[in-house]
Amino acid sequence: MDDLFKKILSHSKEYGFVFQSSDIYDGLGAVYDYGQNGVELRKNLREYWWKAMVQLNEEIVGLDSAIFMHPTTWKASGHTDAFNDPLIDNKDSKKRYRADVLIEDQIEKYRLKAEKEVEKAAKRFGDSFDADLYRSTNPRVLENLQKAEDLRKRFALSAENDDLKEMQQIIIDEAIVCPVSGSKNWTEVRQFNLMFSTDLGSVADGAMKLYLRPETAQGIFVNFLNVQKTGRMRLPFGIAQTGKAFRNEIVARQFIFRMREFEQMEMQYFVKPGTELEWYEHWKAKRLQWHLSLGLNSSFYRYHDHDKLAHYANAAADIEFDFPFGFKELEGIHSRTDFDLKRHEEFSGKKMQYFDPELNESYVPFVVETSVGLDRLFLSVLSRSYDEETLEDGSQRTVLHLPAPLAPIKAAILPLVKKDGMPELARKIQKELSLHFNLQYDEKDAIGRRYRRQDAIGTPFCITIDPQSLEDGTITMRERDSMKQDRVDLNSLKERLLNECSMESMLLKL
RNA sequence: GCGGGCGUAGCUCAGUCGGUAGAGCAUCAGCCUUCCAAGCUGAGGGUCGCGGGUUCGAGUCUCGUCGCCCGCUCCA
């Protein structure tokens with residue numbers, strides 16, 4: 001598995017799919033560039049998503065909101081708080097913890113201690129036991145509850161002041177130990193802000209601190225009213241958007257799986273309160289179907305339902321993909337309730353409501369979100385298309401079994417030999433077809449080698465111009481996966497390629 | 001951030017005891033070639049990640065730094 005992943009890494013560099021960012025300066029961590037073939041594949045994936053979501057659903061419209069947003073957006077969404085974790089390491093176990101979680105666990109411990117006292121007493125006294133009275137009078141219970149309360153207050157104050165030293169002091173004072181090593185050998189508490197910031201305005205003092213959006217969803221929420229009103233949208237309806245998002249990951253790993261700058265393809269579906277779980281199930285199924293329509297083996301996909309839900313969700317699932325390093329999240333489907341719109345109402349003072357003409361009343365819609373990482377999608381398709389085949393004659397070929405509509409190059413134009421008028425005819429065919437398809441012309445080396453070159457970048461068809469072509473206007477069409485050849489008339493070539501390479505056949509599976 | 005591994009040509013890698021860098025594939029030009037790579041001739045491409053130190057001399061030893069991979073951690 002490791003081996004395969006490594007091979008995919010070098011293949012994607014060697015054939016112009018993915019390069020490390022700023023390569024000549026030793027690279028920039030967890031940032032990658034897409035090369036001449038990668039950009040095409042990625043663009044096709046984005047386009048296929050867009051067609052499936054926006055073009056095929058009349059109640060879903062597109063949007064392209066800016067990366068910069070008013071800073072209050074992130075207060076409302078909860079990112080300013082939630083993306084700001086105080087972390088501490090245990091030097092012995094090498095484990096990292098969130099300092100706030102450690103302290104909260106400690107508070108919980110005191111409460112549990114108090115509860116245990118109550119339970120013990122309940123056993124002792126039987127039916128006549130008055131739990132509330134015991135709780136308010138027993139000294140040991142009171143002591144533990146007091147400790148919990150004191151600690152809670154002290155911690156709340158430190159959190160409010162962003163006082164990391166105080167948090168560390170709390171951990172020391174409370175003698176909190178690492179659950180793994182059991183030691184109290186802690187580092188300092190450090191703040192990790194997962195959002196990138198920059199300044200709006202060129203003068204430092206007048207500047208406004210901005211964040212690069214950590215998710216695209218908020219751009220949709222703040223435009224909810226704009227789109228609903230100008231688009232005369234009626235519930236249920238959706239807004240779809242693709243675009244870059246940025247997260248300052250503590251540890252970004254696994255190639256383009258977790259990058260600091262990445263592209264999301266999100267759709268927020270606004271529904272009537274109470275119907276959200278139906279729609280959640282609907283989109284959960286729809287989105288898996290979309291992935292399956294790409295034509296990769298269905299065993300690479302599975303659902304992962306969340307037990308632990310985020311603060312805004314009342315249902316959540318991932319569609320996971322079997323990457324070369326195991327099953328990992330590819331897409332998330334979340335029932336986000338009315339959390340986001342309500343919060344924006346609160347922070348902006350604007351009503352984020354929909355007037356329902358049937359009920360003759362206004363309410364804040366509920367939201368079902370589908371959110372897929374384009375780069376992860378790219379990696380899923382690339383890694384599971386990659387194949388090293390051993391042919392009948394024992395020779396090897398490396399081939400990308402990309403779905404034809406996604407392939408960077410749809411067809412290669414190859415004169416069988418570089419003479420006798422074949423290159424000229426090939427150039428003529430290339431010129432005509434290039435109005436419709438992304439093509440590549442190649443006359444260098446033996447024909448077999450040229451086929452292999454195209455296999456390596458996933459070109460589904462090779463069009464070979466031979467002497468017969470000059471006589472009767474037919475060419476050889478060689479198919480990538482079967483390696484079979486077929487005589488095709490030049491007059492029907494365009495139509496044939498359109499049939500095979502357009503996204504229509506994939507869209508029909510939806 | 002901690003621990004481990006690694007960094008030499010586009011890719012995969014070799015490089016002995018410290019003596020100014022090699023292979024295969026790939027690329028380019030030409031030849032040959034009438035359908036599945038690895039036939040011939042020639043060419044280009046590396047201040048050995050970067051910076052300091054030791055040394056007469058560093059790809060090799062040493063320190064630092066950057067980056068990559070794995071584990072821990074984190075992950076709306």
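As the structure is a computational prediction, the values presented were derived from the model and not from experiment.

A. Highlighting the overall build of chain A. In terms of helices and strands, chain A carries 18 helices and 23 strands. Over its C-alpha trace chain A gives a radius of gyration of 29 Å, far above what one expects of a compact globule, namely 24 Å for 510 residues. Taken over the C-alpha atoms alone, chain A extends approximately 105 × 65 × 60 Å along its principal axes. Looking at chain A residue by residue over its 510 residues, the buried ones come to 49%. Within chain A, contacts between residues separated by at least 24 positions form 65% of all contacts whose residues are at least 6 apart in sequence.

B. Up close: the pattern of salt bridges. Following the criterion strictly, the structure yields 27 salt bridges and no others. Put simply, glutamate 389 and arginine 397 hold a salt bridge, and the shortest N to O gap is 2.8 Å. What makes glutamate 389 buried here is its relative accessible area of 17%. The salt bridge partner of arginine 496 is glutamate 500, with a shortest N-O separation of 3.8 Å. Of this pair, arginine 496 and glutamate 500 both sit in helix H17 (residues 490-501), four residues apart, which is roughly one turn of that helix. For arginine 496, a relative accessible area of 26% corresponds to the partly exposed category. One network of salt bridges, in which partners are shared, links Arg42, Arg46, Glu263 and Asp375.

C. Region of the structure containing helix H12 (residues 339-348). Among the residues making up H12, those that are buried are Phe339, Asp340, Leu341, His344 and Glu345. Once H12 finishes, glycine 349 follows within two positions and takes phi at roughly 75°, a positive value.

D. View of the protein's contact with RNA strand B. Close to RNA strand B lie 49 residues, the nearest being Lys13, His79, Arg258, Asp466 and Met483. Within 4 Å of the protein, atoms of RNA strand B come from sugar and phosphate in 55% of cases. Here alanine 30 contributes a backbone N or O atom positioned 3.0 Å from a phosphate oxygen of RNA strand B. One of the side-chain N or O atoms of arginine 449 is found 2.8 Å from a sugar or linking oxygen in RNA strand B. At six residues, the largest contribution of residues to the surface near RNA strand B is made by helix H15 (residues 447-457). Partitioning the surface near RNA strand B into residue classes produces 14 nonpolar, 14 polar and 21 charged.

How each quantity is defined
Residues numbered from 1 in each chain as written. Chains lettered and ligands numbered in written order. Predicted model: local features only at pLDDT ≥ 70, side-chain atom pairs only at ≥ 80, totals over all residues. Heavy atoms only, no water. Helix = DSSP H or I, 4+ residues; strand = E, 2+ residues; numbered from the N terminus. Rg over C-alpha atoms; globule rule 2.2 N^0.38 Å. Buried < 20%, exposed > 50% of the residue type's maximum accessible area, 1.4 Å probe, protein only. Contact = heavy atoms within 4.5 Å. Salt bridge = Lys/Arg side-chain N within 4 Å of Asp/Glu carboxyl O. Near = heavy atom within 4 Å. Polar contact = N/O pair within 3.5 Å; in protein donor to acceptor, adjacent residues only side chain to side chain. Nonpolar A, V, L, I, M, F, W, Y, C, P; charged D, E, K, R; others polar.

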